[in-house]
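# Tertiary structure, described
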Amino acid sequence: NFFEPLGMSHSGFLGEVKDKPDWAESLTYDSFTAGEDSPGLTKGAGDIASNASDMEKWMIGLSTGKVISMDSYREMTTNDSTDTSKGYGYGMFVSFYGGVGHSGFIGKYTAIDYINEEKGYNLFVSGNNNYMGIESLPSELLGDLIK
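No experiment lies behind these values; they were computed from the predicted model shown.

With that out of the way, let us pick up the nonpolar core. If you look at the biggest cluster of nonpolar residues, it comprises ten residues: Leu6, Met8, Met59, Leu62, Val67, Tyr73, Met76, Met92, Val100 and Ile115. Apart from residues no more than four positions distant in its own chain, Val100 is found in contact with Tyr73, Thr77, Met92, Phe93, Val94, Asp113, Tyr114 and Ile115.

Under the defined criterion, the tally for this structure stands at two salt bridges. A salt bridge links Asp54 to Lys57; its shortest N-O distance comes to 3.9 Å. Note that Asp54 and Lys57 are positioned in helix α3 (residues 52-63) at a spacing of three residues, about one turn of the helix. By relative accessible area, Asp54 is classed as buried at 1%. For Lys57, a relative accessible area of 30% corresponds to the partly exposed category. For Arg74, the salt bridge is made with Glu117, and the minimal N-O distance between the two is 3.0 Å. One end of the pair, Arg74, is in helix α4 (residues 70-76); the other, Glu117, is in the loop between β5 (109-116) and β6 (121-127), and 43 residues separate them in sequence. What makes Arg74 partly exposed here is its relative accessible area of 39%. Taking the relative accessible area as the measure of exposure, Glu117 reaches 40% and is therefore partly exposed.

Quick notes on the rules
Residues numbered from 1 in each chain as written. Predicted model: local features only at pLDDT ≥ 70, side-chain atom pairs only at ≥ 80, totals over all residues. Heavy atoms only, no water. Core = buried A, V, L, I, M, F, W, Y, C linked by side-chain atoms within 4.5 Å. Buried < 20%, exposed > 50% of the residue type's maximum accessible area, 1.4 Å probe, protein only. Contact = heavy atoms within 4.5 Å. Salt bridge = Lys/Arg side-chain N within 4 Å of Asp/Glu carboxyl O. Helix = DSSP H or I, 4+ residues; strand = E, 2+ residues; numbered from the N terminus.

Nothing here speaks to function; it is geometry throughout.
Structure below.
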């Protein structure tokens, strides 16, 4: 429903890609600790593997109405938070230098995505060295890119 229509040929569920030799060894069930990182048991988080090229396709598809309608995307990226210190829509933070994004972690794996439609920027960063520092990446990277 998503991967093929968006041309995401290097994305899939861990069970589908774990034995493919062109995928990183760390992206296998064996690298997960039962209870801590069990794929499929964390509300969907941690069960899909992808690469940067496919993440670019995902972010473009999401922000151009190919994944969800543009009305739904606008709701997702409009601040609906009662906490005035943090702008948050339906799944996306809306306070990163005029763009939107989301960060997350599971076990030692971390990722953040950022979309700035006005500037034409998409940024995806991931790591496998715990959660330390990933939240500061948008400020450091985007500050240099956008200013």
